[in-house]
Structure formats: C-alpha cells, structure tokens
Amino acid sequence: MLATNLPTPGVLNLANPANLQAPLNRGCLGWWLTLPNRVRNSEWKPIIGKDVGVMNNMDPVTDWAFTPVRPGGWGCFDTDGTNDYIEIPFTGFNNATNASLAVWIYKVSSASNSHTVGGNDGDADRFGMEWFGSTFYFTGRAAFPSVAKSVTGWHHVVLTYGTGSPTQVAYMDGVNMNLTGGTDSGPLNSGVDVLRLGRNAATSGVYGTGRHDDLRAYNRTLSATEARQLYWASRGGYQNELNWIRRPMPFKPAAAGLPVSNSMRGGFVNMCGGFVN
C-alpha cells in the first residue's frame, strides 16, 4: 500500500482525471503521471491524451520505485542507464512555433546522465533536455544552450520554446536556469514524432540513469510565472488540475517560494492504497 503524505486522502476520477478548465492545463497536449495501482503498485497513466507509451527493456514490477518519491508524487519509474527507457508516440511538437515540456527528474549523482527528449535520431529533429553529468542542455532544432548544474535528487524541469527573446528558456524548481549559448528560432522540425524518457534521442546507445515522473507537453510557451506555479501545483498534489471525487486536504504553503514541510506535501490515495473512480 502506497502511503499518503497527508491524513486526509483523496479519490481521483480516473474516468475523467484532468480538469481541462484549470489554467495550467490550457494547451496541454499530453500529460503522463505515475499513480498507485492495486495490482502492481504503480501505473504510468495518461492523464491528457490516450497513448501510454511502451516500456523498453523494463520490468513493470521491478522498475517502479517508491523511495525516494518526488515531492507530492505517488511513485516513479527507474531507468538503469544501460537500455531502459519509455517511448511515447507524440506529434504535438511537429512544426510548432511555441512549445513547452515539463518533467520531474531524479539525479542519482552529479555525474549521472538524464534524458527527456522528443524526436528521432539526428541533431535537427529534437526538442527536450539532455543532462550529461553536471551540464544541462536544452535541445531545440539544432541549437543547444546549456548551463552548469551539478545537483542530485529530485528536480522539476520546464523547457519553453517560443518567439520571445531568448526563444529557449529552461526552469528548474520554478527558477530560470539562465542558459547560455546560441538559441534557435522558427518552427520546430517535423521529425519530432516521439517522446523518450531515459534515452538520448540523437544517440541510440546513450541512456540515462535515474527516475522520472509527471511528464507534460504543451503547444504553447509557458511563462515564468506558470513554470513556477506548475512546480508548486505538482508538489502540492494537483489540487485544481485533477478532477477529484473526494478532494484531498488543500495545499497551503506558508509562503510562496519557501520550502514545504513533509506534513504539507501532496500525494493522496484512497484508503485501499489506489485511486478509484
């Protein structure tokens, strides 16, 4: 049984899990989230969109991890850096002028690699992040602005692409990462037809070691405020973005931007240890 982080559990409407009227769900083309499952403890669930993707070289039982779970999370999947990855057919970024991608990543060590990338093999057909050791790259078309990030543990990453200046912006835990280097402009290429978590899109033999959860893809450019709001909404259990049959205890951080104690974190399951509709 997967324990809740708060004394008041919630019950999620699995038949209609996404509140499409919530501002943070506007323009969201795909949303995948780890949820409890009575049969095998956790399930990779499409909240928006229908394609759950394919677990490549992964065991649906042993490759699910529960400790440590991200803030506000209900589980995650674990990639070994050898050949594990999840592949989701997705064409929402093809020729897109505006796009955003969000995901939680667990860095095992500062030297480990993590990848969350859309696209086929080839430098010009990618959109996503490639985190090699302590260097974080935002790949969009053919430009790779980067920043030094030598961190470990769970971090929420948001990538935005648009017509502003700069066109490529990355946020970590709601804060602008201030990438350096050249950026692209114009529509993304048409080869971005799949999302891969745990594998480099340009080099088929390069895989990431770590954990992943809560993947979101948008057809618009999230603002700095929205990137910060998404981070707090995710770690707060998605009070407004999910459709709850029985709403969990409200998430009320003492002050925006301050660390949240365990007693205030989200993560809500019903008393049987799983979500029901």
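A. Region of interest: the overall build of the protein. A tally of helices and strands in the protein yields one helix and 18 strands. Burial statistics for the protein: of 277 residues in total, 54% are counted as buried. As displayed, the protein offers around 11,000 Å² of accessible surface, 50% of which is attributable to carbon and sulfur atoms.

B. A look at helix α1 (residues 224–235). If you check α1, its first and last C-alpha atoms are 17 Å apart, about what 12 residues at 1.5 Å a residue would give, namely 16 Å. All of the buried residues in α1 are Glu226, Ala227, Leu230, Tyr231, Trp232, Ala233, Ser234 and Arg235. Where α1 is buried, its residues meet β8 (99–107), β13 (153–161), β14 (168–172) and β17 (209–218). Count one or two residues on from α1 and you reach Gly237, which has phi positive near 85 degrees.

C. View of the pairing of β8. Burial of β8 is extensive: nine of the nine residues sit out of reach of the surface. Side chains of β8 alternate between two faces, with Ala99, Leu101, Val103, Ile105 and Lys107 and Ser100, Ala102, Trp104 and Tyr106 buried alike. Across seven bridges, the pairing between β8 and β17 is antiparallel. Residue pairing in the sheet places Leu101 in a bridge with Ala217 of β17.

D. Structural context of unusual backbone geometry. Here Ser165 and Pro166 are connected by a cis peptide whose omega angle stands at 0 degrees. By the element assignment, Pro166 lies in the loop between β13 and β14. Here the phi dihedral of Asn95 falls at roughly 60 degrees; this positive angle occurs in a residue that is not glycine. Within the element layout of this structure, Asn95 appears in the loop between β7 (85–89) and β8. A relative accessible area of 48% places Asn95 in the partly exposed class. Of note, the phi angle at Asp173 is positive, near 55 degrees, even though the residue is not glycine. For Asp173, a relative accessible area of 23% corresponds to the partly exposed category.

E. Quick look at the pairing of β14. Burial runs high along β14: five of the five residues are buried. Burial along β14 is two-sided: Gln168, Ala170 and Met172 and Val169 and Tyr171, pointing in opposite directions, are all buried. Of the pairings in the sheet, the one linking β13 to β14 comprises five bridges and is antiparallel in character. Residue pairing for β14: Val158 is matched across the bridge by Tyr171. Where β13 folds back on β14, the antiparallel hairpin that results is connected by six residues.

F. Just the environment of Gly237, in detail. Looking at where Gly237 falls in the secondary structure, it is placed in the loop between α1 and β18 (244–246). As a C-alpha pair, Gly237 and Gly72 span 165 residues in sequence and 5.1 Å in three-dimensional space.

G. Region of interest: the packing of aromatic side chains. A full pass over the atoms with the stated rule returns 14 aromatic pairs. Seen from their ring centres, Trp104 and Trp154 are 6.4 Å apart, and the 75 degrees between their planes marks the pair as edge-to-face. With a gap of 50 residues between them, Trp104 in strand β8 and Trp154 in strand β13 connect regions that are remote in the sequence. The two residues Trp104 and Trp154 agree in class, both being buried. A network of ring pairs unites the aromatic residues Trp32, Phe90, Phe93, Phe127, Phe138 and Tyr161 as a single cluster. The ring centre of Tyr106 lies 5.4 Å from the NZ or CZ of Arg211, which sits over that ring. It is Arg216 that lies over the ring of Trp31; its NZ or CZ is 3.8 Å from the centre.

H. Main features of the pattern of salt bridges. Under the definition given, this model contains five salt bridges. In this structure, Asp213 and Arg70 form a salt bridge, with 2.6 Å as the shortest nitrogen-oxygen distance. Within this pair, whereas Asp213 is found in strand β17, its partner Arg70 is found in the loop between β5 (64–65) and β6 (76–80), the two being separated by 143 residues in sequence. Of the two residues examined, Asp213 and Arg70, each falls in the buried class. Note that Asp214 and Arg70 form a salt bridge whose closest N and O atoms lie 3.8 Å from each other. One end of the pair, Asp214, is in strand β17; the other, Arg70, is in the loop between β5 and β6, and 144 residues separate them in sequence. Here the two residues Asp214 and Arg70 agree in accessibility, since each one is buried.

Procedures and definitions
- All residue numbers refer to positions counted from 1 along the written sequence of the respective chain.
- Whole-chain, interface and lining totals are the exception, using all residues; otherwise, since this is a predicted model, local features are given only for residues with pLDDT of at least 70 and side-chain atom pairs are given and counted only at 80 or more.
- Heavy atoms from the whole structure form the basis of all side-chain values; hydrogens and water molecules are not counted.
- Strands here are runs of E lasting at least two residues and helices are runs of H or I lasting at least four, both read from the DSSP assignment and numbered beginning at the N terminus.
- Think of it in three bands: residues with accessible area under 20% of the maximum for their type are buried, residues over 50% are exposed, and the middle band is partly exposed, with areas taken using a 1.4 Å probe on protein chains only.
- In this description, accessible areas are obtained by the Shrake-Rupley approach with a 1.4 Å probe, and a residue is regarded as covered only by the protein chains that are shown.
- Multiplying one less than the number of residues by 1.5 Å gives the expected span of a helix.
- It only takes one pair of heavy atoms within 4.5 Å for two residues to be counted as in contact.
- Two strands qualify as a pair provided DSSP detects at least 2 bridges between them.
- Each pair of aromatic rings taken from Phe, Tyr and Trp, with Trp reduced to its six-membered ring, is defined by centres within 6.5 Å and is described as stacked if the planes are under 30 degrees apart, edge-to-face if over 60, and tilted in the remaining cases.
- A ring is considered to have a charge above it if a Lys NZ or an Arg CZ atom is located within 6 Å of its centre and within 35 degrees of its normal.
- Salt-bridge detection follows one rule: a side-chain nitrogen of Lys or Arg within 4 Å of a carboxyl oxygen of Asp or Glu.

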